[in-house]
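Structural overview
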Amino acid sequence: MSDEIIRVLKMVEEGKISSEKAAEIINALKNNEALPEVKNNNQKMLRVKVLSEKGDNVNITIPVKFVKSVLKLTKKLPIEVENESLKDVDFDEIIGAIDSGLEGKIVDIKSDKGDIVEISIE
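Now for a quick tour of the structure.

Calculation criteria
Residues numbered from 1 in each chain as written. Predicted model: local features only at pLDDT ≥ 70, side-chain atom pairs only at ≥ 80, totals over all residues. Heavy atoms only, no water. Pairing = 2+ DSSP bridges. Helix = DSSP H or I, 4+ residues; strand = E, 2+ residues; numbered from the N terminus. Axes fitted to C-alpha atoms, helices over the stretch in contact; angles between N-to-C directions. Left-handed = near helix turned anticlockwise from the far one by under 90°. Contact = heavy atoms within 4.5 Å. Nonpolar A, V, L, I, M, F, W, Y, C, P; charged D, E, K, R; others polar.

Bringing the sheet that holds strand S3 (residues 104-110) into the picture now. With antiparallel pairing, the four strands of this open sheet are ordered in space as S2-S1-S4-S3. Two strands lie at the open edges of the sheet, namely strand S2 (58-63) and S3, each paired on one side alone. Averaged over all neighbouring strand pairs, the angle between strand axes comes to 10°, with direction disregarded.

Below you can see the structure in the form of structure tokens.
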């Protein structure tokens, strides 16, 4: 097995990239194609949107690097919002999504009270 493939598998093991991205990279290595670009998580943004029945609406964008640091320390998003719908958010899962390089909507909660919480990585 080539050193490059071993490095890719090590990145999956460490949670730095997803298995899908690893398969894409390994296929490219085997076919001697140009490697797909793996975006740097430090350049990504986390977008949080809360639409509350009570009017406590939030729409913020925060650098992923900052969010990851705060989440690891506090298990809370770095925003001053008291919304019951946010208590259902699994912050360890958000950290995992960030570490794996996931992009797009990662949380989509609609409560029975009419609150909506959307969190995405862009």
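Once the structure has been displayed, the description carries forward.
We now examine the packing of helix H3 (residues 64-74) against helix H4 (residues 91-99). Running from amino to carboxyl end, H3 crosses H4 at an angle of 145°, the nearest separation of the two axes being 10 Å. Crossing of H3 against H4: the hand is left-handed. Mapping the contact onto sequence places Val 64, Lys 68, Leu 71 and Lys 72 in H3 and Phe 91, Ile 94, Ile 95, Ile 98 and Asp 99 in H4. Looking at the contact of H3 with H4 residue by residue, the class counts come to six nonpolar, no polar and three charged.

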